[in-house]
Amino acid sequence: MLTSETLSNLSWMLDKGITYMNHGSFGARPKEVFEAQIALKKEFERSPIQFLDREGKERVQHARIIISQFLGCSEKNLGFIENATTGVGCVIQSLNLPVGSELVSTNHVYNGVRQLLAAASERNDWTYREIEVQTPVHSPQQILDTVIDGFSDKTKLLVIDHVASITGVVFPVKELVLACKERGIAILVDGAHSPGMLDLNINQLSPDWYVGNLHKWVCGPPGAGFLWVNDAHLENIHPMTISHFYKQGFINEFDWQGTRDITSILCAAIAVQWGEKIGWTHIRNHNHSLAVSMQSKLIDAWKGESLSPSNGSMIGSMATVQLPIGFPLVEETVDAMQKWLYDQYQIEVPIMLWQDRTVVRISAQLYTELDDINRLINAVEASKEHFCSIG
Ligand SMILES: Cc1ncc(COP(=O)(O)O)c(C=O)c1O
């Protein structure tokens, strides 16, 4: 349990005038982590060659030790990249599949990843298909059965979210990895949201590849993504951009992809240590129970539906609930409403389209308060006048 004293002693970079309920998109940084990065940037600027050329490798390795322990994986399998999308790109680019192979994902896939998979399939004469996992989801077994039923004899790769972006649903990744292994299907886990949100042990999961972000729930800086690669594939994967160390080992190749700001990686390790001081288990538990309470309040107020069990058994620290108002189901209207909530009420929360509904996704983080939900409920009530076709 985190005391209110612990929570109020934390200091964030966020503008206190904003009710920020969208940690899921780009995370947010504690002041201590942000300032540590500024200090590192200054150090670089004082002596760039010393910092990056002579000391960079060792500094990144030190960060890798801290981050790999946190993720439950071996250092030798952990490469740093800009973000999760880049990690998916590296994996897809490394595939050597015959014409006619099928890549599958589910309808919960992140849209950027969807486009990436579709584009690669077009280029390589593969096909890309999404298995429909209906919402509300009821159980991990429902997901498992649906995904397995959705495989065909051409399926060569499953790309699965660990925590889905729009629905916030936590997928049964361990069971899906086993199911894929039994069927000779490779599996790439998109864990953009999982580090810091879920108790992660990548070695135990042991998929073929695992990509993730450290800027979201670990509260590290943007630019700190990672790609974990199973031993079986270490020699066959390369960064999107080839540079000096081509074919000189996975770590060497991923550590140098041209000049970049390594302070993001170094500072992601500092963010891990920031969380360790509070206790990652405490953070995860706090955020999860807050998300479940926030979800309950929304369901009660809107007589709506969550996209997963209302007891929170299939979410982490994000919950998605159907909005009580109806307007044309097009991107422009949901974007306009999201902007309106920000402009009029300084509430930052994503409003999205999910199948034939308009939904809101709330994120719970240490700076979020249950009372924030009341502000959202009041603002949505007021928005009806502007956006609503049915009350
Ligand atoms: C499930 C999922 N995958 C991938 C991404 C892409 O992350 P990034 O933009 O950091 O590459 C996101 C972003 O929110 C996501 O939610």
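To keep things clear, this report deals only with the structure shown in the data block. All values derive from a computational prediction rather than experimental measurement.

Some thoughts on the state of the cysteines
Tallying each qualifying case throughout the model produces zero disulfides. There is no disulfide at Cys-90, and the cysteine sulfur nearest it, in Cys-73, is 16 Å away. Take Cys-90: its relative accessible area is 1%, and that puts it in the buried class.

Let's talk about the sheet that holds strand S9 (residues 318-322)
As a general point, the strands of a sheet are linked pairwise by backbone hydrogen bonds and lie either parallel or antiparallel. Taken together, the three strands give an open sheet; going across it, the order is S9-S12-S11, and neighbouring strands pair in antiparallel fashion. Each of the sheet's edge strands pairs with one partner strand only, and the pair in question is S9 and strand S11 (351-354). Sheet twist, expressed as the average angle between the axes of neighbouring strands with direction ignored, equals 40 degrees. Bridge count for S11 against strand S12 (residues 357-363) is four bridges, and the pairing is antiparallel. Bridge assignment links Ile-351 to a residue of S12, and that residue is Val-360. Sitting on the sheet, helix H14 (residues 331-345) is in contact with S11 and S12, with an inclination near 155 degrees to S11.

Considering the pairing of strand S8 (residues 225-229)
Here S8 lies mainly inside the structure; five of its five residues are buried. Side chains Gly-225, Leu-227 and Val-229 project from S8 onto one buried face, and the interleaved Phe-226 and Trp-228 project onto a second face that is buried too. Direction of pairing for strand S2 (residues 78-81) relative to S8: antiparallel, over a ladder of four bridges. Residue Leu-78 lies in a different strand from S8, and its bridge partner there is Trp-228.

Quick look at the site of the ligand
In the region of the ligand, 13 residues are neighbours, and Thr-85, Asp-190, His-193, Asn-213 and Lys-216 sit closest. In this structure, Thr-85 approaches the ligand through a side-chain N or O atom, which is 2.5 Å from an oxygen atom. Within the side chain of Lys-216, an N or O atom sits 2.6 Å from an oxygen atom of the ligand. The fraction of the free accessible surface of the ligand (390 Å²) that becomes covered by protein chains is 88%. In this structure the site holding the ligand corresponds to the largest pocket.

Focus: the sheet that holds S2
A sheet is described by the order of its strands in space; here seven strands give the open sequence S2-S8-S7-S6-S5-S3-S4, paired in mixed fashion. Where the open sheet ends on each side, the last strands, each with one partner, are S2 and strand S4 (127-131). The average angle at which neighbouring strand axes cross in this sheet is 20 degrees, direction not considered. The sheet strands contacting helix H7 (residues 111-124) are strand S3 (102-106), S4, strand S5 (155-161) and strand S6 (186-191), and the helix crosses S4 at an angle near 145 degrees.

Looking at the packing of aromatic side chains
Throughout the structure, instances matching the rule amount to nine aromatic pairs. With centroids separated by 5.1 Å and ring planes inclined at 50 degrees, the aromatic side chains of Phe-70 and Trp-280 adopt a geometry described as tilted. Highlighted residues: Phe-70 in helix H5 (residues 56-71) and Trp-280 in helix H13 (residues 280-302), separated in sequence by 210 residues. Accessibility classification places Phe-70 together with Trp-280 in one group, the buried group. Ring centres of Tyr-210 and Phe-226 lie 6.3 Å apart, and the angle between their planes is 0 degrees; this geometry places the pair in the stacked category.

Calculation rules
Numbering of residues begins from 1 in every chain and follows the order in which that chain's sequence is written. Predicted model: local features are reported for residues with pLDDT of at least 70 only, side-chain atom pairs are reported and counted for 80 or more only, and whole-chain, interface and lining totals are derived from all residues. Side-chain figures throughout are based on the complete set of non-hydrogen atoms in the structure, without hydrogens or water. By disulfide we mean two sulfur atoms from cysteines, separated by a distance within 2.5 Å. Relative accessibility decides the category of a residue: with a 1.4 Å probe and only protein chains considered, values under 20% of the type maximum give buried, values over 50% give exposed, and everything between is partly exposed. Strands qualify as paired when DSSP identifies two bridges or more between them. By definition, any uninterrupted DSSP run of H or I lasting at least four residues is a helix, any uninterrupted run of E lasting at least two residues is a strand, and each is numbered from the N terminus. The angle between two axes is taken between their N-to-C directions and runs from 0 to 180 degrees, where each axis is a line fitted to C-alpha atoms and a helix contributes only its stretch in contact. Any two residues whose heavy atoms approach within 4.5 Å at even a single point are treated as in contact. We call a residue near a molecule or strand when any one of its heavy atoms sits within 4 Å of it. Residues adjacent in sequence count toward polar contacts only when both atoms are side-chain atoms; beyond that, a polar contact is any pair of N or O atoms within 3.5 Å, and within protein one must be able to donate a hydrogen and the other to accept it. Using a 1.4 Å probe, accessible areas were evaluated by the Shrake-Rupley method; residue-level cover was limited to the displayed protein chains. Points on a 1 Å grid over protein atoms alone make up a cavity when a 1.4 Å probe fits among them but cannot get out, and a pocket when they form an open set with protein on both sides within 12 Å along at least five of seven lines; lining residues each have an atom within 4 Å of a point. Molecules are considered to sit inside a cavity or pocket once more than half of their atoms lie within 2 Å of its grid points. Any two rings among Phe, Tyr and Trp, with Trp reduced to its six-membered ring, count as a pair given centres within 6.5 Å; such a pair is stacked if its planes are under 30 degrees apart, edge-to-face if over 60, and tilted if neither.

Fair warning: the whole summary comes from geometry, so function is off the table for now.
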